[in-house]
Amino acid sequence: MQKEIPEYSKAFGRLHVSASGGTQPIDEHILKLLLNHDYKMRFPMSARPRAGQIVQGIADRVYGLYEFSPMRGKQEPMGAAEAIRHGFTDYMAYQPLTWDEGKDAEAYQVFKEHIGEMAAHAIKGIAEYFGDEPFEGEYLRKHYDDRLDVPVIMYLDYASETKQIDLKCSLPIRGPVKKDGTRSWRVPKPKEEPTELQVMQQAVYWKGTGLEPALLFVTSSGYNIATPENCAALSHDRLEEAYENIVRRWLVVQNLLRVANGNWKTLFSLVPPDFGQIATRHGPEILQIAKQAWRID
């Protein structure tokens with residue numbers, strides 16, 4: 001049942017929690033709250049996750065689920081070739097990071113060569129998983145846990161009335177520079193086992209919807225579908241344990257915000273920062289904001 005969000009949580013712009021927020025380091029989580037609230041900023045996107053978004057967008061178009069909403073329902077499916085062209089147009093609009101010595105720009109050029117094949121494998125994997133069962137695309141869903149003072153929001157990639165699956169893309173991995181001066185890149189095999197954070201995400205979706213979990217691991221070399229039948233990490237017992245772990249993470253942040261009671265300086269004084277990680281992941285502009293937020297007067 002929906003509850004009124006308390007004022008101390010509103011003061012920090014915390015109107016919900018999510019699986020991604022629950023798996024973030026706490027220093028990055030409160031920094032993200034500050035960026036959204038005071039600077040109207042988000043953490044920068046890199047070429048790797050953006051390419052994954054593009055792969056999903058292509059699959060969405062093929063299944064008539066692009067920018068899906070329950071009210072509008074399924075749209076006219078698009079041919080794979082046309083969907084890939086749209087995906088490449090979207091990816092061409094991406095601007096690589098400028099503060100990582102050209103690594104993101106280099107990765108961006110490499111990833112372009114793999115998006116089409118990855119999308120083809122994703123399309124096949126989705127079809128194999130659902131078969132003749134109708135399924136929906138991604139849209140906002142909410143779950144309420146009595147221990148939390150805000151709702152849990154969820155965006156399931158694809159879901160039917162009985163099960164759901166989340167698309168996980170693994171792009172080529174940077175290798176050493178070869179004798180001719182070019183760099184080698186290795187295409188990984190599709191994963192068979194989820195990471196701890198992926199299990200937590202599936203636990204949230206399972207707990208929030210009751211739908212059977214699955215992960216569609218895709219690379220340009222193929223795909224693999226992990227389900228409770230072939231992956232012990234997705235068993236109900238493991239999901240229950242993982243859900244409790246992420247609730248503990250949400251509660252830590254909730255308790256910190258309650259203690260800080262609307263005071264950003266107090267909030268940041270309660271959590272030590274990892275400036276090296278922030279700089280590496282988010283760049284110099286975000287780092288300067290972080291240093292100001294954690295400045296000791």
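Up top you'll find the structure we're talking about.
Note that this is a predicted model, so its numbers are computed, not measured.

Quick notes on the pairing of strand E9 (residues 222-226)
As a general feature of sheets, a regular strand has side chains that alternate between the two faces.
Here's step 1: Bridge count for strand E8 (residues 215-219) against E9 is 5 bridges, and the pairing is antiparallel. Across the sheet, residue Val218 finds its bridge partner in E9, namely Tyr223.
Here's step 2: Between E8 and E9, which pair antiparallel and follow one another directly, the connecting turn spans 2 residues.

Observations regarding the state of the cysteines
Here's step 1: In total, this model carries 0 disulfides according to the counting rule given.
Here's step 2: Counting only cysteine sulfurs, Cys231 is the nearest neighbor of Cys169, a cysteine outside any disulfide, at a range of 18 Å.

With respect to the nonpolar core
Here's step 1: Tyr91, Phe111, Ile126, Tyr158 and Ile165 are the most contacted members of the largest nonpolar core, which has 37 residues in total.
Here's step 2: Elements represented by at least two residues in this core include exactly helix H4 (47-62), helix H5 (80-92), helix H6 (103-111), helix H7 (115-130), strand E5 (164-169) and E8.
Here's step 3: Residues in contact with Phe111, not counting those within four places in the same chain, are Ala47, Arg48, Ala51, Tyr91, Leu171, Pro172 and Trp185.
Here's step 4: Grouped together as the second largest cluster of nonpolar side chains are 28 residues, Val152, Tyr205, Ala242 and Trp250 included.

Let's talk about the sheet that holds strand E3 (residues 152-155)
Here's step 1: Ordered in space as E1-E3-E2, the 3 strands form an open sheet in which the pairing is mixed. Edge strands, defined here as strands with exactly one partner in the open sheet, are strand E1 (17-18) and strand E2 (140-143).
Here's step 2: Bridge count for E1 against E3 is 2 bridges, and the pairing is parallel. Across the sheet, the residue bridging to Val17 is Val152, located in E3.
Here's step 3: Contacting E2 and E3, helix H8 (residues 196-209) crosses the sheet at an angle of about 105° to E3.

Criteria and cut-off values
Residues numbered from 1 in each chain as written. Predicted model: local features only at pLDDT ≥ 70, side-chain atom pairs only at ≥ 80, totals over all residues. Heavy atoms only, no water. Pairing = 2+ DSSP bridges. Helix = DSSP H or I, 4+ residues; strand = E, 2+ residues; numbered from the N terminus. Disulfide = S-S within 2.5 Å. Core = buried A, V, L, I, M, F, W, Y, C linked by side-chain atoms within 4.5 Å. Buried < 20%, exposed > 50% of the residue type's maximum accessible area, 1.4 Å probe, protein only. Contact = heavy atoms within 4.5 Å. Axes fitted to C-alpha atoms, helices over the stretch in contact; angles between N-to-C directions.

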